[in-house]
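# Inside the fold
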Amino acid sequence: MYAVAVVVVAVVVVVAAVVAVAVPVVVAVVVDNRRPHYNEPFFLQWHITDKCPLNCKHCYRDLEKNDLDFETLLSVLDKFAEFLKKIRKKGRIQFAGGEPLVSPYLIPLIKESVKRGFPVRILSSGVTLTEEKARKIYEAGCSLIQISLEGGCDKNDEIRGTGNFDMAINAMKAAKANGIEVTVSMTVSKSNLNNIDEVYEIAKENADRFVAARLIPVGRGGEELGDQLLSKGEVKSVLKKLKKYREAGVIDVPMRDPLWGAMNLNEFFPPKCNIVTGCSVGYNGITIESNGEIMPCRRLPIVLGNILENDLVEVWKNSKVLNDVRDRDNLKGECGSCRIKWFCGGCRGIPYGLEGDYLGEDSQCFRMHLNEKITAFFKPESKKNKGE
Ligand code: SF4
Ligand code: SF4
């Protein structure tokens, strides 16, 4: 009897030792093998000017900044090219503002970027895009422009200012007539939730692509924008709508929101956790402001340094904010305990805009109630409590 007990104890000790050693090793291997999996090149969202003739309600611009001169902008471009070489990634540049179309340097910068091998695109409201300007942009090497639209004429102009709707439509036509692909981009809030179909119809008629993004409460609209944020259910209904458009296949409907992945994953058995995707902060893009400030994302406006003074590689590798966000085990609240956080990560701009905590939970996530159910499913004691 004594011998059996000794054997049992020995077996238990050995099994415990193997588990104690093996589990951390397996976890370490999985974590070490985690690889970013983003389908697009590393992007630079480059705000080449802070100037803009519009005054949109949900604008993310804050205090006015001084623009850089052309020579300095060129040095920013070279620094970005050098950075990509060092981190061994292919890049893309999206020119933004303010309004990039009003910058006298837009076309020369497109040319210089293309010369360095970067695909480029413009993020714009469409204001001032004449046929002639569109032709010059195309000839410079840019064949994609994103134009914002928030609804039909009345709703759009209520948000973006009187006359903007007509300007945006004219800009789409001018771009298309000159061989430039058009993406219509909508920022969805409570105010224009019921205008999505309308914008999609306009996009079908005038554009090649339709994207809709959630409103993020940052910038000069600040706290008041909090009231305009979609509820969890509304976010889900928007994504479902986009899915329907996408399946219809009339125009391209990219799904950029990290919650898109969350909607489509098998909640209980997500695929292997060695892939990182979803929010691209710290993984696949960076923002440079019109005064050279470096930010993780324009919707996560935390200044990490200034490209004119700081080495971008150094910032990329050593920024506390980027490192914090990169390791999604740092996330808090529901995102922290979520089984698919490495696929999604939530939008970091939401908790930052609402609470000032870039690691907080994305409170617009419609999976949150699911997370509770899943946790319960994997905890036998909670089943027992329910008498199952
Ligand atoms: S809880 Fe956070 S990480 Fe999980 S799906 Fe929702 S937003 Fe994504
Ligand atoms: S913070 Fe939000 S907007 Fe920025 S990359 Fe992440 S998900 Fe996209």
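In the block above lies the structure referred to throughout.
Computed from a prediction, not measured in an experiment: that's the story for all the values here.

Moving on to the overall build of the protein chain. Across its full length, the protein chain carries 15 helices and 11 strands. Residue burial in the protein chain is summarised as follows: out of 388 residues, 39% are buried.

Let's shift gears to the environment of Leu109. Checked against the element boundaries, Leu109 lands in helix 3 (residues 106-115). Considering only alpha carbons, one finds Leu109 and Leu77, 32 residues apart in sequence, at a separation of 8.5 Å. Not counting the four nearest positions on each side in its chain, Leu109 is found in contact with Ile48, Leu73, Leu77 and Phe95.

Right, let's talk about the nonpolar core for a bit. In this structure, Phe95, Ile147, Ala171, Ala175, Val182 and Val184 are the most contacted members of the largest nonpolar core, which totals 88 residues. At seven residues, the largest contribution of residues to this core is made by helix 6 (residues 164-177). When sequence neighbours within four positions are dropped, the list of residues in contact with Val182 reads Ile145, Ile147, Met172, Ala175, Lys176, Asn206, Ala207 and Asp208.

This part is about the site of ligand 1. As a structural note, the neighbourhood of ligand 1 is formed by 17 residues, with Cys335, Cys338, Cys344, Gly346 and Cys365 the closest of them. Those elements giving two or more residues to the shell around ligand 1 turn out to be helix 9 (258-264), helix 12 (333-337) and helix 14 (368-377). Top contributing element to the shell around ligand 1 by residue count: helix 9, with three residues. Taken together, the residues that form the shell around ligand 1 break down as nine nonpolar, three polar and five charged.

A word on the environment of Pro36. Examined against the element boundaries, Pro36 turns out to sit in strand 1 (residues 35-36). A residue is classified by how many C-beta atoms lie within 10 Å of it, and Pro36, with 14 of them, is partly exposed. Separated by 242 residues in the primary sequence, Pro36 and Gly278 place their C-alpha atoms 9.5 Å from one another.

At a minimum axis distance of 11 Å, the contact between helix 2 (residues 70-87) and helix 3 shows a crossing angle of 30°. On the basis of the axis angle, helix 2 is roughly parallel to helix 3. When you trace helix 2 past helix 3, the crossing you get is right-handed. Judged by residue contacts, Phe70, Leu73, Leu74 and Leu77 of helix 2 engage Pro108, Leu109, Glu112 and Ser113 from helix 3. The residue inventory of the contact of helix 2 with helix 3, partitioned by class, reads six nonpolar, one polar and one charged.

Time to look at the pairing of strand 9 (residues 285-288). Alternating residues of strand 9 divide into Gly285 and Thr287 and Ile286 and Ile288, and every residue in both groups is buried. Two strands pair when backbone bridges link them, and strand 2 (residues 42-47) and strand 9 are joined in this way by four bridges, in the parallel orientation. Across the sheet, Leu44 pairs through a bridge with Ile286, a residue of strand 9. Sheet topology places strand 9 next to strand 10 (residues 293-295); two bridges connect them, and they run antiparallel. Its bridge partner lying in strand 10, Ile288 is registered against Ile294. Hairpin connection between strand 9 and strand 10: a loop of four residues separates the two successive antiparallel strands, and Gly292 in this loop has a positive phi of roughly 95°.

Here we come to the pairing of strand 7 (residues 209-214). Residues Phe210, Ala212 and Arg214 point to one face of strand 7 and are all buried, whereas Arg209, Val211 and Ala213, pointing to the other face, are not buried. In terms of strand pairing, strand 6 (residues 181-188) meets strand 7 through six bridges, oriented parallel. For Thr187, the partnering residue across the bridge sits in strand 7 and is Ala213. Chirality of the crossover, the property in question, places the unit of strand 6, helix 7 (residues 196-206) and strand 7 among those that are right-handed.

A word on the site of ligand 2. Around ligand 2, the structure places Pro258, Cys279, Ser280, Val281, Cys297, Arg299, Leu300, Cys347, Arg348 and Gly349. Across the shell around ligand 2, the residue classes tally to six nonpolar, two polar and two charged.

The mixed open sheet is built from nine strands, whose spatial order is 7-6-5-4-3-2-9-10-11. In this open sheet, the two edge strands, each paired with only one partner strand, are strand 7 and strand 11 (305-306). In the sheet, strand 4 (residues 120-124) pairs with strand 5 (residues 144-148) via three bridges, with the strands oriented parallel. When the sheet's bridge partners are listed, Leu123 is paired in strand 5 with Gln146. Seen against the sheet, helix 7 touches strand 6 and strand 7 and runs at an angle of roughly 175° to strand 6.

Definitions and limits used
- Residues numbered from 1 in each chain as written.
- Chains lettered and ligands numbered in written order.
- Predicted model: local features only at pLDDT ≥ 70, side-chain atom pairs only at ≥ 80, totals over all residues.
- Helix = DSSP H or I, 4+ residues; strand = E, 2+ residues; numbered from the N terminus.
- Buried ≥ 20, exposed ≤ 12 C-beta atoms within 10 Å, placed from the backbone.
- Contact = placed C-beta atoms within 7 Å.
- Core = buried A, V, L, I, M, F, W, Y, C linked by C-beta atoms within 7 Å.
- Near = placed C-beta within 6 Å.
- Nonpolar A, V, L, I, M, F, W, Y, C, P; charged D, E, K, R; others polar.
- Axes fitted to C-alpha atoms, helices over the stretch in contact; angles between N-to-C directions.
- Parallel < 35°, antiparallel > 145°, perpendicular 65-115°, else oblique.
- Left-handed = near helix turned anticlockwise from the far one by under 90°.
- Pairing = 2+ DSSP bridges.
- Right-handed = clockwise from strand over helix to strand, strands pointing away.

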